[in-house]
Structures are given as structure tokens and as C-alpha cells.
Amino acid sequence: MARDYLKNSTRRPATALRAEGVSFAYRSDWVLRDVSLSVGDGEMVGLVGPNGSGKSTLVRLMAGLLAPGQGRTYLFDRPFHDYPRRDAARYISYVPQDMPAVFGFTAGDFVIMGRRPHQGYLPFDTEHDERLAVEAMRETETDGFADRPLTELSGGERQRVLVAAALAQEPSVMLLDEPTASLDLHYQVQIHSLLRRLNRARTITTIVVTHDLNLACLFFPRVIVLSEGRIVADGPPRDVLTPERIRDVYKVDVSYAHHGDGTPMIVPHPGAEDRG
Amino acid sequence: MKALSPARFAATVTPFALFFLGALAICPLVGAVPLDLSRALDFSADRAANADYQLLFVLRLPRALLAALTGSALAMAGAAFQALLRNPLAEPYTLGVSSGGALGAVLAIKLGLDITFAGLSSVPLFSFAGSLSAMGVIYLLARGRGRFPTSVLLLSGVTISFFFASMILFIHYIADFTENQQMIRWMMGGLDIVGFSAVMQVLPLWIVGALAVLYLARDLNVLSFGDVYASSKGIDVPRTQKGTFIFASMMTGAVVSAAGPIGFVGLIVPHALRFFTGPDLRVLAPASALAGAGFLILCDTAARTILGSVEIPVGVLTAMLGGPFFLFLLMRHKRRLGATD
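Residues numbered from 1 in each chain as written. Chains lettered and ligands numbered in written order. Predicted model: local features only at pLDDT ≥ 70, side-chain atom pairs only at ≥ 80, totals over all residues. Heavy atoms only, no water.

### Digging into the overall build of chain A
Reasoning step 1: A tally of regular secondary structure across chain A gives 10 helices and 12 strands.
Reasoning step 2: For chain A, whose C-alpha radius of gyration is 19 Å, the value lies close to the compact-globule estimate of 19 Å for 276 residues.
Reasoning step 3: On chain A, roughly 12,300 Å² of surface is accessible, and the fraction owed to carbon and sulfur atoms is 49%.
Reasoning step 4: Considering chain A, the positive charge centre built from 32 side chains and the negative charge centre built from 36 side chains are found 5 Å apart. (Helix = DSSP H or I, 4+ residues; strand = E, 2+ residues; numbered from the N terminus. Rg over C-alpha atoms; globule rule 2.2 N^0.38 Å. Areas by Shrake-Rupley, 256 points an atom, 1.4 Å probe, with all protein chains shown as cover. Lys, Arg positive; Asp, Glu negative; His and termini not counted. Charge placed at Lys NZ, Arg CZ, Asp CG, Glu CD.)

This is the structure we're talking about:
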């Protein structure tokens, strides 16, 4: 039933993800307080904020991997707790910051495991599974080391393999937790361009946690700023990432410049005595 | 890219199936007492009076089949526990099942009980009951609200093992010489059975356990990358963990009750097989089962022939043969274990 939830409904819901008055605490420390948020189908959203502001927790809640202490989370207008885990995983894929590399699985083994929610009881992979995994590895430029064990890959290579596994999952919604944290400039741009391309071509709703405010300005039409467990700003990057707000949230002075097309460029501006 | 098609599955598993079938076909023909195969297969003669028939069908074949069930169950349970606990040192006995089984057996010997139930005599009966109790206690300790944390599972399993081991020592201490002799012999493991009844008693739990491990194999693969990650790929994490623990433990308890706690098979067979098949449990589990079955048949054949008519306990031999073989593999394949230097 839920398998065809989207296909059977006459109109695909306009809202992909929704949080209503969500609070969350690990033990007794509140990490998120009364967060409400709605992400439309096909949107691409950047989630920024200082360390410990609750970004990773919010992403896990929106992926249905954590249950909120208070409030509710919805996927395509249906509460997460109404989805069997496997049905949710057919729509939504989550990319963690890193994965433990265990027991000599290769990059290719790992990517094809992304097909799990679409597979049946028999323990085999179909040709369709293999085709999608190969394609996902080509798109993330990881096909060159498909047969290398994960233990022998660099942090950046592993991050791209994680993205490949998420793509092989054929998601309608992708949530990525700092997918480019250990990537060099080439792959930072390459992964974000790929996400933007997929977001447009396949209407994949995408939320990306990032620390790079400049990439956020370049690639995300909508940016959400999280601070101390609350949403403090939400909108187009140039309205949201103002020098005043960045000083408020990050306690850092920044200078502000613009690309030729008007996209903001943000440069930290420490006191003269601390510079190199 | 190595997608697991049915053809690749068959190609990887077939050599181990041949190894098992070869061991099963040849080993019953070998032994201290010579066997006349044509006489054994001469079904026209009176079977009760046909010594060769009795030797093959009442002694050696049931024994080889029990060895096969035991070896395969331990190897599969070992592979499953290593994946479940994300620990390469895990084996079927890590979570206390065998210490429960041993406590039951030792208790039955000390009390000199003579009970039979469902065709089981008191020692296997108590042993299986002990395994199930250990499993039940550990399950209740580890179970949380909607969670089944493997760290708690591991710690409570190991702790219960030590607790049971101390109770076994206490029973040893108060037991007399003959009882102690019997207990020690049981602990060493043995496959000397008469007729097929022990095989038939183990078989149902073996089938259920083997099917469960095969069914859970794919989810256990993903689970090795963490609970949250597995959940994001649609896996019901607590259900997979509980299922693996319960079915692998039950299968282990069943073979321990019939053959005693035969050591080492459940640890080294999955590791040795990983060198040949890779870590994918969908292949590793069935390949380990077949190789474990063949390995234990070979060990048992050696155990009953090396010293002529005197038998060596098979549990002693598995470690003596398996240990050096495994170290040899380890030296040859260091790199594949992740030792990169």
C-alpha cells in the first residue's frame, strides 16, 4: 500500500517534508526547540549553523531516523510513524558524514546495498540494481575504485561513495549531512553541481547540511540558519546570510563581496593582530 | 561492481558444496574397522545380522550427518554473530549459549537424572534447556524500548558466560571422580552417536536457523555500517538484531546439546571463508555452512582413525587442525584483513 502511496494518489503532495513544533532532547539537553519547517516537493535547501546548533539532529528527524520528543514529522503529508521503515526508505535517502569501513566490503558492494529498500526476499541483486549502482558511481566519479575495499579509500572518496549509495536508492528526497566536509574544491563543486542537476532533472527534494556559506550562496535557492536549536532565518541566501546575522550566530566579523551575477561572497574578517 | 546474481552465487558456493558432498561420501567408508561396501549395500540380507550395513548406516553415516549439521550450524552462527556484533572475534559461543548448555549438561550428570522427553535423554535435554535459559536471560537484559543495543547484548552475554562458568566449576568441585570424568568428556565434544535419532532431533532447529540466517544476511550486511545507516536503507534494525540472536542461538543450542561445545569451528570457518568469498554474508553464510560441514566430517574421521581404535575427542582435534591452518591463511592474506602496512 505505502509502496504505491505516491503513485496511487491522484496528485503528488506539494510538501515533501514537514516538521510541526518539533523538539528533541538527548537525555535532558534540548537540542531542538519547537522547530517548524516545511520543504516543498523539488526544493533544494541548505542548512547552516554553528557546531552544536542541531543541524544533524534536525536532518535525522526529517529523515524519520529519530522520533521527535514533541511535535510531528511528515513525509509527503503523511506522518513518519505511519510508514514502515522500508517504505520510507523507498522515498528518502540519508547520507551521513562518514561510515565505518568494515570487513573488507568494496565500494561497489556498498553502493549496490543502497538498493536494499527496493529488493525482495531473495538474496540476489537484479541487473536493474546493478545498472543503477553503476550509473550512480559514474555520476559521482567513483566508478574508478568500485572494486577497492572501503578501508583503502580516503575520507573524500568514502564521502562520494556514500552519495553514490544514496543515488542508487532512487530517492524522491535526499538529506545529506555535510557531504563535502572532507572534499577538495573540485569535488565540493562537483557534488553540489550534481545534487543541483538531479534536483532539477528528477525533482529530487534535497536538504544539505553545510558549513560552507559560500557554497550555500552558490547552490541553494533557500537557506535555513539554525542557532541553539531554533530556526533564526529562512529564505534566499542573500536575505538570510547578512553580515549582521553571521556576526550574531557565528560571533565572527565578515566582509561581503559579490560574484559578477550578484551572488554573495562571504569572507571572515578577524582582527588585524590575529592575521597571518 | 559485483552484483550478486543467482549465477554468481552458484559459482561461488559450488566448490564448497562439492567439498562437503565429497567428505560426506568418502569419510563414512574410512575407519579402524574395514567396511565391505558391497555387503553394506546388499539390502537383501538380514539387516540386523549384516555387520557392514550396521557399521555404515547405524554408526558412520549418522555420525557424519551429525558432524555436518554441527559444523554448518556453528559456522553459520559464527558468521551471523560476527556481523551482528561487528566483531571479528565473535563466535557462536560468545553470547553465552554454550555455557548455558554446558551448565545444563553438567547439572544433569551431577544429579544423575534419568529423564527422557521427546526422545531426548537427560543430558541433551538439560543442555538444550540451559542454552535456551541463557538466551532468554540475555535477551531480556538487552531488550530496550524499541531498541536492542548490541553493546549491551555483548556485555550481558559475556558476563552470563562467566557466571555460568563459575557455577560449572562449583559443580565440578562437588562432583565425584566418575561424574567429573563424564563432565569433562562432554565438554570436549563428541559425535559418537548410534542411529539417526540425534540427527532428526537437531534437524528442525537447524533448518529454521539456517533459513533465518540466509534471510537476514542481506540486512546484516547493511547493518555492519551502523544502526542509523541501516535504518536509512529501510532495515528494521531491532527486528534484524533480535532475529539473528534468537535463531543463531537456538541453532547453536541444538547442536551443542547433541555434540557438546565443539570449539573453534564457529570462529575460524567464517574467517577462512571470507578470504575466498569476501564479506558478503549472502554468500559467506551458505559457503561457511558447507565448508564447516565438510571440515567437521573430516575432523571427526581423523578423530576416530588417527590413533587406531582409540578415539580422540573431536573438539580437541578441531582446534589442533584448524588453528595452524587458519594461521597459515592469515599470514598469506594479511592485507585482505585490512592490515595495510
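### Some details on the overall build of chain B
Reasoning step 1: Of regular secondary structure, chain B possesses 13 helices and 0 strands.
Reasoning step 2: Listing every helix and strand of chain B by position from the N terminus yields α-α-α-α-α-α-α-α-α-α-α-α-α.
Reasoning step 3: For a compact globule of 341 residues, the expected C-alpha radius of gyration is about 20 Å, and chain B comes in at 20 Å, within 12% of that figure.
Reasoning step 4: Out of the 341 residues in chain B, the part that is buried amounts to 56%.
Reasoning step 5: Within chain B, contacts between residues at least 6 apart in sequence are counted, and of these 73% link residues at least 24 apart. (Buried < 20%, exposed > 50% of the residue type's maximum accessible area, 1.4 Å probe, protein only. Contact = heavy atoms within 4.5 Å.)

### Observations regarding the packing of aromatic side chains
Residue and element names in this part refer to chain A.
Reasoning step 1: Under the counting rule described, the total for this entry stands at 15 aromatic pairs over all chains.
Reasoning step 2: With a centroid separation of 6.2 Å and 75 degrees between ring planes, the pair formed by Tyr 83 and Tyr 91 is classed as edge-to-face.
Reasoning step 3: Residue classification places Tyr 83 among the buried positions, given a relative accessible area of 6%.
Reasoning step 4: With a relative accessible area of 6%, Tyr 91 lands in the buried category.
Reasoning step 5: One aromatic cluster is present, built from ring pairs that chain together Phe 76, Phe 80, Tyr 83 and Tyr 91.
Reasoning step 6: We note Arg 18 situated over the ring of Tyr 74; from NZ or CZ to the ring centre the distance is 4.2 Å. (Phe/Tyr/Trp six-rings, centres within 6.5 Å; stacked < 30°, edge-to-face > 60°. Lys NZ or Arg CZ within 6 Å of the ring centre and 35° of its normal.)

### Focus on a nonpolar patch on the surface
Reasoning step 1: Side chains of B:Ile26, B:Leu29, B:Val30, B:Leu37, B:Leu41 and B:Phe43 sit close together on the surface and give an oily, nonpolar patch of about 500 Å² of accessible area.
Reasoning step 2: Residue position: B:Leu37 is located in helix α2 (residues 37-40). (Patch = residues over 30% accessible without salt bridge, like charges linked within 9 Å, V, L, I, M, F, W, Y side chains within 5 Å. Salt bridge = Lys/Arg side-chain N within 4 Å of Asp/Glu carboxyl O.)

### Points about the pattern of salt bridges
Reasoning step 1: Going through the model one piece at a time under the given rule, you end up with 21 salt bridges over all chains.
Reasoning step 2: Note that A:Glu135 is salt-bridged to A:Arg202, the shortest N-O span being 3.3 Å. Here A:Glu135 is found in helix α5 (residues 127-139), whereas its partner A:Arg202 is found in the loop between α7 (185-201) and β8 (205-209), with 67 residues between them in sequence.
Reasoning step 3: Relative accessible area serves as the criterion here: at 41%, A:Arg202 is assigned to the partly exposed category.
Reasoning step 4: The shortest N-O distance in the salt bridge between A:Arg222 and A:Asp234 comes to 2.8 Å. Of this pair, A:Arg222 sits in strand β9 (residues 222-227) while A:Asp234 is found in strand β10 (residues 230-235), placing the two residues 12 residues apart along the sequence.
Reasoning step 5: With a relative accessible area of 14%, A:Arg222 lands in the buried category.
Reasoning step 6: Each of the salt bridges in this network shares a partner with another, and the network as a whole consists of A:Asp125, B:Arg218, B:Asp280 and B:Arg282.

### Things to note about the pairing of strand β4 (residues 70-75) of chain A
All names here are of chain A.
Reasoning step 1: Here strand β1 (residues 15-26) runs beside β4; their pairing, made up of 5 bridges, is antiparallel. Looking across to β4, one finds that Ser 23 is bridged to Gln 70.
Reasoning step 2: Pairing between β4 and strand β5 (residues 78-79): 2 bridges, direction antiparallel. Each residue of the ladder has a partner; that of Tyr 74, found in β5, is Pro 79.
Reasoning step 3: Taken together, β4 and the strand that follows it, β5, pair antiparallel across an intervening segment of 2 residues, in which Phe 76 is found at a positive phi of about 50 degrees. (Pairing = 2+ DSSP bridges.)

### Topic: the sheet that holds β8(A)
All names here are of chain A.
Reasoning step 1: On the basis of which strands lie adjacent, the open sheet formed by 6 strands has the order β6-β7-β8-β3-β9-β10 and mixed pairing. Unpaired on one side and paired on the other, β6 (92-95) and β10 mark the two borders of the sheet. Going from strand to strand, the sheet's axes swing by 15 degrees on average, the running direction of each strand aside.
Reasoning step 2: Where strand β3 (residues 44-48) and β9 come together, 4 bridges link them in parallel fashion. Bridge pairing in β9 places Val 45 opposite Arg 222.
Reasoning step 3: Packing of helix α2 (residues 55-62) onto the sheet brings it into contact with β3, β6, β7 (173-177), β8 and β9, and relative to β3 it is tilted by some 145 degrees.
Reasoning step 4: Contacts from helix α6 (residues 155-168) reach β6 and β7 within the one sheet, and its direction differs from that of β6 by about 175 degrees. (Axes fitted to C-alpha atoms, helices over the stretch in contact; angles between N-to-C directions.)

### Section: the interface of chain A and chain B
Frequently, the measure chosen for interface size is the accessible area that the parts lose on association.
Reasoning step 1: Between chain A and chain B, the contact holds 42 residues from the first and 30 residues from the second.
Reasoning step 2: Both sides of the chain A and chain B interface together cover about 3,200 Å² of buried area, and 64% of this is carbon and sulfur.
Reasoning step 3: At the junction of chain A and chain B, the tally comes to 3 salt bridges.
Reasoning step 4: A salt bridge links A:Asp125 to B:Arg218; the nearest nitrogen and oxygen atoms lie 3.8 Å apart. (Buried area = accessible area lost by both parts, 1.4 Å probe.)

### Here's the deal with the nonpolar core
Reasoning step 1: Formed by 150 residues in total, the largest nonpolar core has its most connected members in A:Phe110, A:Leu150, A:Val161, A:Leu241, B:Leu153, B:Phe245 and B:Ile297.
Reasoning step 2: Other than its neighbours up to four places away in sequence, B:Leu153 contacts B:Leu84, B:Leu85, B:Leu95, B:Ile138, B:Ala142, B:Phe148 and B:Phe245.
Reasoning step 3: Of all hydrophobic cores here, the second largest spans 32 residues; its members include A:Ala19, A:Leu32, A:Tyr83 and A:Ile224. (Core = buried A, V, L, I, M, F, W, Y, C linked by side-chain atoms within 4.5 Å.)

### A few points about the sheet that holds β1(A)
Reasoning step 1: Here 4 strands make up an open sheet; going across it, the order is β2-β1-β4-β5 (chain A) and the pairing antiparallel. The outermost strands of the open sheet, each flanked by one partner alone, are β2 (29-40) and β5 of chain A.

### Some remarks on the environment of A:Ala168
Reasoning step 1: Mapped onto the secondary structure, A:Ala168 falls in helix α6.
Reasoning step 2: In contact with A:Ala168, other than residues within four places in its own chain, are A:Val111, A:Gly114, A:Arg115, A:Leu132, A:Ala133 and A:Ala136.

### A word on unusual backbone geometry
Reasoning step 1: The backbone of A:Asp34 sits at a positive phi, close to 50 degrees, despite the residue not being glycine.
Reasoning step 2: Along the chain, the position of A:Asp34 falls in strand β2.
Reasoning step 3: Unlike most non-glycine residues, B:Arg86 shows phi in positive territory, near 50 degrees.
Reasoning step 4: As for its placement among the helices and strands, B:Arg86 is situated in the loop between α3 (51-84) and α4 (97-111).

### Some details on the environment of B:Arg86
Residues and elements named next belong to chain B.
Reasoning step 1: Look at Arg 86 and you get partly exposed, because its relative accessible area is 32%.
Reasoning step 2: As a C-alpha pair, Arg 86 and Cys 299 span 213 residues in sequence and 29 Å in three-dimensional space.
Reasoning step 3: The residues contacting Arg 86, other than those within four sequence positions of it, are Phe 81, Leu 223, Ser 224, Gly 226 and Asp 227.
Reasoning step 4: A distance of 2.7 Å separates the side chain of Arg 86 from the side chain of Asp 227, its partner in a polar contact. (Polar contact = N/O pair within 3.5 Å; in protein donor to acceptor, adjacent residues only side chain to side chain.)

### Structural notes on the packing of α4(B) against helix α7 (residues 177-187) of chain B
The description of two packed helices rests on the angle between their axes and on the distance between the axes.
All names here are of chain B.
Reasoning step 1: Across the interface, α4 lies against α7 with an axial gap of 10 Å and an inter-helix angle of 155 degrees. On the basis of their axis angle, the class for α4 and α7 is roughly antiparallel. Viewed along their axes, α4 and α7 form a crossing whose handedness is right-handed. Between α4, through Gly 101, Ala 102, Ala 105, Val 106, Ile 109 and Lys 110, and α7, the contact on the second element is made entirely by Glu 179, Gln 182, Met 183, Trp 186 and Met 187.
Reasoning step 2: Split by residue class, the contact of α4 with α7 holds 7 nonpolar, 2 polar and 2 charged. (Parallel < 35°, antiparallel > 145°, perpendicular 65-115°, else oblique. Left-handed = near helix turned anticlockwise from the far one by under 90°. Nonpolar A, V, L, I, M, F, W, Y, C, P; charged D, E, K, R; others polar.)

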